[in-house]
Amino acid sequence: MFEKLSRYLVPLAGKLNNNRYLTVLRDAFMLAFPLTIFGSIFVVLTNLPFLDQLMNEGALATFRESFSIASSATMGMMSVFVAFGIGYYLSKSYNVEAIFGGAIALVSFFILTPFMVETEAGEVVQGVIPLDRLGAKGMFLAMMTAFLSAEIYRRIVQRNITIKMPPGVPPAVAKSFAALIPAVLTLTVFLAINVFVSQLFHTNMHDVIYQAVQAPLVGLGSGIIPTLIAIFFIQILWFFGLHGQVIINSVMDPIWNTLMIENLEAYTNGEPVPNIISKPFIEIFTVGMGGTGMTLAVVFAILLFMKSQQLKQVGKLGIGPGLFNVNEPIIFGLPIVMNPLIIVPWILSPMIVTLVTYFSMASGLVPPPTGVAVPWTVPFFINGIMATNSIAGGLLQLVNLMIVFMIWYPFLKSMDRFNLKKEQKEKNAA
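Described below are features of the structure shown in this document. As the structure is a computational prediction, the values presented were derived from the model and not from experiment. (Residues numbered from 1 in each chain as written. Predicted model: local features only at pLDDT ≥ 70, side-chain atom pairs only at ≥ 80, totals over all residues. Heavy atoms only, no water.)

## Brief notes about the overall build of the protein
Counting its secondary structure elements, the protein contains 21 helices and two strands. Structurally, the protein occupies a C-alpha span of about 80 × 60 × 40 Å along its principal axes. Taken over 430 residues, the protein has a buried fraction of 47%. Contacts in the protein between residues at least 24 apart in sequence constitute 72% of all its contacts with a sequence separation of at least 6. (Helix = DSSP H or I, 4+ residues; strand = E, 2+ residues; numbered from the N terminus. Buried < 20%, exposed > 50% of the residue type's maximum accessible area, 1.4 Å probe, protein only. Contact = heavy atoms within 4.5 Å.)

## Details of the pattern of salt bridges
All chains considered together, the criterion is met by seven salt bridges. One salt bridge connects Arg133 with Asp207, and the closest N-O pair in it is separated by 2.8 Å. Here the residue Arg133 occupies a position in helix α8 (residues 131-134), and Asp207 occupies one in helix α12 (residues 205-221), the gap between them amounting to 74 residues. Notably, a salt bridge pairs Lys279 with Glu283, separated by 3.5 Å at the nearest N-O pair. (Salt bridge = Lys/Arg side-chain N within 4 Å of Asp/Glu carboxyl O.)

## Some details on the side chain of Ser79
Note on placement: Ser79 falls in helix α6 (residues 78-93). For Ser79, a relative accessible area of 0% translates into the label buried. With residues up to four places along the chain from it excluded, the contact list for Ser79 reads Phe109, Arg133, Leu134, Gly135, Gly138, Met139 and Ala142.

## Side note on the packing of aromatic side chains
One pass over the full model with this rule turns up 15 aromatic pairs. Arranged with centres 5.4 Å apart and planes meeting at 80°, the rings of Phe232 and Phe233 form a pair that is edge-to-face. With centroids separated by 5.3 Å and ring planes inclined at 85°, the aromatic side chains of Phe239 and Phe240 adopt a geometry described as edge-to-face. Each member of the pair, Phe239 as well as Phe240, is classed as buried. Taken together, the ring pairs in this structure connect Phe38, Phe42, Phe63 and Phe67 into an aromatic cluster. (Phe/Tyr/Trp six-rings, centres within 6.5 Å; stacked < 30°, edge-to-face > 60°.)

## Remarks on the layout of surface pockets
Space inside the largest pocket adds up to approximately 740 Å³. If you trace the largest pocket, you find 33 residues lining it, with Met30, Asn249, Lys279, Glu283 and Trp376 closest to the centre. Put simply, the parts of the chain that give the lining of the largest pocket at least two residues each are α2 (20-46), α14 (244-268) and α15 (279-287). Split by residue class, the lining of the largest pocket holds 18 nonpolar, ten polar and five charged. Considered as a void within the structure, the second largest pocket measures approximately 480 Å³ in volume. What lines the second largest pocket is a set of 26 residues, among which Ser68, Ser71, Ser72, Thr268 and Asn269 lie closest to the centre. Here the lining of the second largest pocket gets six residues from one element, more than from any other, and that element is helix α4 (residues 57-67). Of the residues assigned to the lining of the second largest pocket, the class counts are eleven nonpolar, ten polar and five charged. (1 Å grid on protein atoms, 1.4 Å probe; cavity = no way out; pocket = protein on both sides within 12 Å on 5 of 7 lines; lining within 4 Å. Points joined across faces, edges and corners; volume = space filled by probe spheres on them. Nonpolar A, V, L, I, M, F, W, Y, C, P; charged D, E, K, R; others polar.)

Structure follows, in structure tokens:
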């Protein structure tokens, strides 16, 4: 069965892992990672639950207003960073001047962005970009625009439709002139698109893409069934030794990150958090409990209840990294890869925990993640509190840890008995 499954799954996973566009998309989101962490730190600080006891109402409002710019200028403008990152990394993958590819992609996105905002009184103010267009609402347009603009730019460059300067001209000047024609032609395409859509249909590309593409995809990705399917494939890919997170997240990250930004925008505005499933939901309540498959519970079970020297050694190697959500010692030391003895708990436990987490939040027992980006190396329980701004998030992780422990225990015990017999035979033979 495993041979038949690997015959079809491994080549498909390899194609996804090596796909140029998925790789570029992953790298573009990672470009924004340190910026989102910066913004998230100040979201956490300005929303600590005990601040109302340390400050009066006026001082607290001033404190939050003063530091809210940190999240607005980072996570609130995620589409800007993603557009630049896609243009940069896609151009770089084609060996054309990457910095111009990023700049052209960013300007192309701005050309399609309406420079107007409507006030509560119905007055239209020109020359102002609504911040939501640069955040969650503009995410898919930013990605599509960046990919298309970078492809147009690199094709023009690779066809040598450029201005070539004499050898004595400084490199920076020569590169600027070389990018001139590709930039003008590429930006003209997007200007024509904007004129066509705005004048003929009296709308803008943001609203077109949001209604036709982004809203349906995000609505689908926020459901529990697609999430369980994604987690299943993450686990099964790891079972075959393939990095499930890198492969599946490359496809799902645009949706999960958009849901995260929607949550953050609502949370910072004092509104109810709209989405249960988002990027922090996936990271904190799966990877954030010892690594892929939530193997911290497995390490505890081994160290506390298993007796064979082989498992004990694996547990000792796994406990340190596992506390910081690194579990390669368990994946390759237990091993999990290509080990049919543990495929059932390996796939079953994260899916059950995901269901428990989802319904705990849907029922209101635990608040959903606020949209704050928590580094994946933050130890469990702490990261659960940070992600939800509630101790209930950490307590839910403890419950989930016990669920994983109970699912894995009989399988580990079976492995332990087998290893003990093997070790006893080797001891008697010696």
